[in-house]
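# Structure assessment
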Amino acid sequence: MKTTAAPDERHVLGEVAEMITTVLGDYAPDAVEIGPHSRFGDDLEMESIDLVTLAGLLADRYGPDANFAAYLASLELDEIIALTVGDLVAYLCRALRPGAGG
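Residues numbered from 1 in each chain as written. Predicted model: local features only at pLDDT ≥ 70, side-chain atom pairs only at ≥ 80, totals over all residues. Heavy atoms only, no water.

### Observations concerning the overall build of the protein
A count of helices and strands for the protein gives five helices and zero strands. Overall, the protein shows an N-to-C arrangement of helices and strands of α-α-α-α-α. Compactness check: the protein gives a C-alpha radius of gyration of 13 Å against a globular reference of 13 Å for 102 residues, within 12% of the reference. Taking the principal axes of the C-alpha coordinates as reference, the protein spans close to 35 × 30 × 20 Å. In the protein, 64% of the contacts between residues at least 6 apart in sequence involve partners at least 24 apart. Only carbon and sulfur atoms are counted for the fraction: they give 54% of the accessible area of the protein, which is about 6,000 Å². (Helix = DSSP H or I, 4+ residues; strand = E, 2+ residues; numbered from the N terminus. Rg over C-alpha atoms; globule rule 2.2 N^0.38 Å. Contact = heavy atoms within 4.5 Å. Areas by Shrake-Rupley, 256 points an atom, 1.4 Å probe, with all protein chains shown as cover.)

### Some words on unusual backbone geometry
With a phi angle near 55°, Glu45 is a residue other than glycine that sits in the positive phi range. Looking at where Glu45 falls in the secondary structure, it is placed in the loop between helix H1 (9-24) and helix H2 (48-62). Under the relative-accessibility criterion, Glu45 is labelled exposed at 61%. (Buried < 20%, exposed > 50% of the residue type's maximum accessible area, 1.4 Å probe, protein only.)

### Observations concerning the pattern of salt bridges
Under the criterion given, the structure shown has three salt bridges. Close ionic contact of Arg39 with Asp43 constitutes a salt bridge, the shortest N to O distance being 3.2 Å. Through salt bridges that share partners, Arg39, Asp42 and Asp43 make up one connected network. (Salt bridge = Lys/Arg side-chain N within 4 Å of Asp/Glu carboxyl O.)

### Some words on the nonpolar core
Counting residues in hydrophobic clusters, the biggest one holds 32 residues, and the most contacted among them are Ile20, Phe40, Leu54, Phe68 and Leu92. Those elements that place two or more of their residues in this core are H1, H2, helix H3 (68-73) and helix H5 (85-96). If near-sequence neighbours (up to four positions away) are discounted, Phe40 is found in contact with Ile20, Glu45, Met46, Leu51, Leu54, Leu83, Thr84, Val85 and Leu88. (Core = buried A, V, L, I, M, F, W, Y, C linked by side-chain atoms within 4.5 Å.)

### Concerning the environment of Leu92
Turning to its location among the elements, Leu92 is positioned in helix H5. It is 9.6 Å that separates the C-alpha atoms of Leu92 and Leu13, two residues lying 79 residues apart in sequence. If we skip the residues at most four places from it in the chain, Leu92 touches Val12, Val16, Leu58, Tyr62 and Ala66.

None of the figures reported here should be taken as evidence of function without further support.
Below, the structure is given as structure tokens:
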């Protein structure tokens, strides 16, 4: 859902952490344990299907400007392997900023 104000990174981080716990279900750490330095692969042990599900939740919450698949496609393999929750939050805040044109 696009707003007229720039998104707050802490708020977006909290929402993304909640989405991750939803995706991982019983295997998820508590949302408060998911921080900007949490890596999707090494720390959260998210599989590709989990990332697809997360992408759907992001699109439902933030709209088409939050295109996680396009963001991943813009990264090199080593960047994808090292991707953190903070990287995703920074991307979302840039993409959702008024006038970003996503």
